[in-house]
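# Residue-level structure breakdown
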Amino acid sequence: MESSRAARRNHRARPSRRRPLLYTALATVAVVGGTAAGTVYVKAQAHSGTVSSAAAPSASASVAASGSREATVEPVTQPAVDYDALLAKAMKAVTPAGHQKVSVAVLDVDSGESATYGSAAYDTASIVKVDILAALLLQAQDADRQLTATEKSYATTMIENSDNNSATALWNIIGTADGLDAANKTFGLTGTKGGDGPLWGLTQTTAADQLTLLQQVFGDDSKLSPASKSYLQGLMGKIEADQQWGVSAAADGSKWRLKNGWLARSTTGLWDVNSIGRVTAPDGHEYLIAVLSKGSTTQNKGITLIEAAAKAGVAAFAASDSSTSASASATD
């Protein structure tokens, strides 16, 4: 008995060889969400004991000793895109020469985002013919009448062939500059002023205003009726072959509607060359584009400048789409 009791006493007296255990939790980690900066928050379900601080991915990790195993997802806020800055960056690839100046405005029809490069006013030259016809159609709507056969004949040759005599006839019908300015007030143009007397080609405008006009011709929120818009769009899609340049350079093949303008100024001998319209780009997006220029020594040099600007405008939005897609992939 004594030996048995002694054995038991010795057993109790010996210090335990087992060290205290740190019970490391086996945690189920569920991603809850992320901030725009990429910080990931986690929720942990501990099966037993406590969770070592080394198990937390960052100081901002939220670890719950108990809770639901169900993952929840919080929305990720993407940083705002400065499209004006992107357009300005893209325009660095466009190099005006001598006295050339250029201004561009672009709207991505699919996203509704827009950008403008340059705010100065330019002579419209013949792009004002779109504005003249839009004013005529608005006046006809207000009077609850259809265009006459003569007005339609003028409209066709004015837009498709850029006929100046037809433009002068319709300029007079709408009430010259006063009629144009009144229609533009309704359309929301704020930086356009009709030319003096018969000089409709010297109407002053900005690229931003021309983009607003294009939204009236092609957009849903327009003062023009669907029938009026369809009529004008149809004419802009039938421009004669030798005038199919300008913003169409940014289009995928023949997917465009446009009107160009060109004018050699008698005072300087330098050219105003402009182009406005809608294009479907190779990326499949539709864009409204207005490009205005002045100071070219020849018409061809002006055309080269505005076509480069139109391509740069589309490239700016394509770059934004790529950047946004990459950012979205990084947060998936």
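That block above? That's the structure.
Attention in this report is confined to the structure presented alongside it. Note that the structure is a prediction, hence the values are computed from the model and not measured. (Residues numbered from 1 in each chain as written. Predicted model: local features only at pLDDT ≥ 70, side-chain atom pairs only at ≥ 80, totals over all residues. Heavy atoms only, no water.)

### Some remarks on the overall build of the protein
Scanning the protein from N- to C-terminus turns up 9 helices and 9 strands. Evaluated residue by residue, the protein yields a buried proportion of 39% over its 332 residues. Sequence-distant contacts, at least 24 apart, represent 62% of the contacts inside the protein between residues at least 6 apart. (Helix = DSSP H or I, 4+ residues; strand = E, 2+ residues; numbered from the N terminus. Buried < 20%, exposed > 50% of the residue type's maximum accessible area, 1.4 Å probe, protein only. Contact = heavy atoms within 4.5 Å.)

### Comments concerning the packing of helix H5 (residues 164-174) against helix H6 (residues 176-187)
Contact geometry of H5 with H6 gives a least axis separation of 6 Å together with a crossing angle of 70°. The orientation of H5 relative to H6 falls into the category roughly perpendicular. Taking contact as the criterion, the partners of Trp 171, Asn 172 and Ile 174 in H5 are, on H6, Thr 176, Ala 177, Gly 179 and Leu 180. (Axes fitted to C-alpha atoms, helices over the stretch in contact; angles between N-to-C directions. Parallel < 35°, antiparallel > 145°, perpendicular 65-115°, else oblique.)

### Comments concerning the pairing of strand S4 (residues 114-117)
Note that strand S3 (residues 101-108) and S4 share 4 bridges and pair antiparallel. Directly across from Leu 107, in S4, lies its bridge partner Ser 114. Hairpin connection between S3 and S4: a loop of 5 residues separates the two successive antiparallel strands, and Gly 112 in this loop has a positive phi of roughly 85°. (Pairing = 2+ DSSP bridges.)

### As for helix H4 (residues 149-160)
Here H4 spans 16 Å end to end across 12 residues, near enough to the 16 Å set by a 1.5 Å rise per residue. Among the residues making up H4, those that are buried are Glu 151, Ala 155, Met 158, Ile 159 and Glu 160. Each element contacted by the buried residues of H4 is listed here: helix H3 (128-142), H5, helix H8 (226-236) and strand S7 (256-264). Of the residues flanking the end of H4, it is Ser 162, one or two places downstream, whose phi is positive at about 55°. (Expected span 1.5 Å × (residues − 1).)

### As for unusual backbone geometry
The phi dihedral of Ala 125 falls on the positive side, at around 55°, and the residue is not glycine. Among the secondary structure elements, Ala 125 is positioned in the loop between strand S5 (122-123) and H3. Despite not being glycine, Asp 144 has its phi angle at roughly 55°, a positive value. By the element assignment, Asp 144 lies in the loop between H3 and H4. Residue classification places Asp 144 among the exposed residues on the basis of a relative accessible area of 72%.

### Quick word on the sheet that holds strand S9 (residues 286-294)
Ordered in space as S4-S3-S9-S8-S7, the 5 strands form an open sheet in which the pairing is antiparallel. Two strands close off the open sheet at either side, each with one partner strand: S4 and S7. Neighbour to neighbour, the strand axes of the sheet diverge by 5° on average, direction disregarded. For strand S8 (residues 271-280) and S9, the ladder comprises 6 bridges, and the chain directions are antiparallel.

### Regarding the nonpolar core
Ile 132, Leu 133, Ile 289 and Val 291 are the most contacted members of the largest nonpolar core, which totals 73 residues. Element by element, the count of residues in this core is highest for H3, at 10 residues. Not counting residues up to four positions away in its chain, the partners in contact with Val 291 are Val 102, Ser 103, Val 104, Val 247, Val 273, Asn 274, Ser 275, Ile 306, Ala 309 and Ala 310. (Core = buried A, V, L, I, M, F, W, Y, C linked by side-chain atoms within 4.5 Å.)

### Description of the environment of Ala 115
Tracing the backbone through its elements, the reader meets Ala 115 in strand S4. A sequence separation of 10 residues divides Ala 115 from Ala 105, and the C-alpha atoms of the two residues are 5.7 Å apart. Excluding residues within four positions of it along the chain, Ala 115 makes contact with Tyr 83, Asp 84, Leu 87, Val 104, Ala 105, Val 106 and Phe 317.

### Quick look at the packing of aromatic side chains
Under the defined criterion, the tally for this structure stands at 3 aromatic pairs. Each residue in the set Tyr 83, Tyr 287 and Phe 317 is aromatic and connected to the rest through ring pairs, giving one cluster. Taking NZ or CZ as reference, Lys 294 lies 5.1 Å from the ring centre of Tyr 122, over its face. (Phe/Tyr/Trp six-rings, centres within 6.5 Å; stacked < 30°, edge-to-face > 60°. Lys NZ or Arg CZ within 6 Å of the ring centre and 35° of its normal.)

Functional significance is not addressed by these values, which are geometric in nature.
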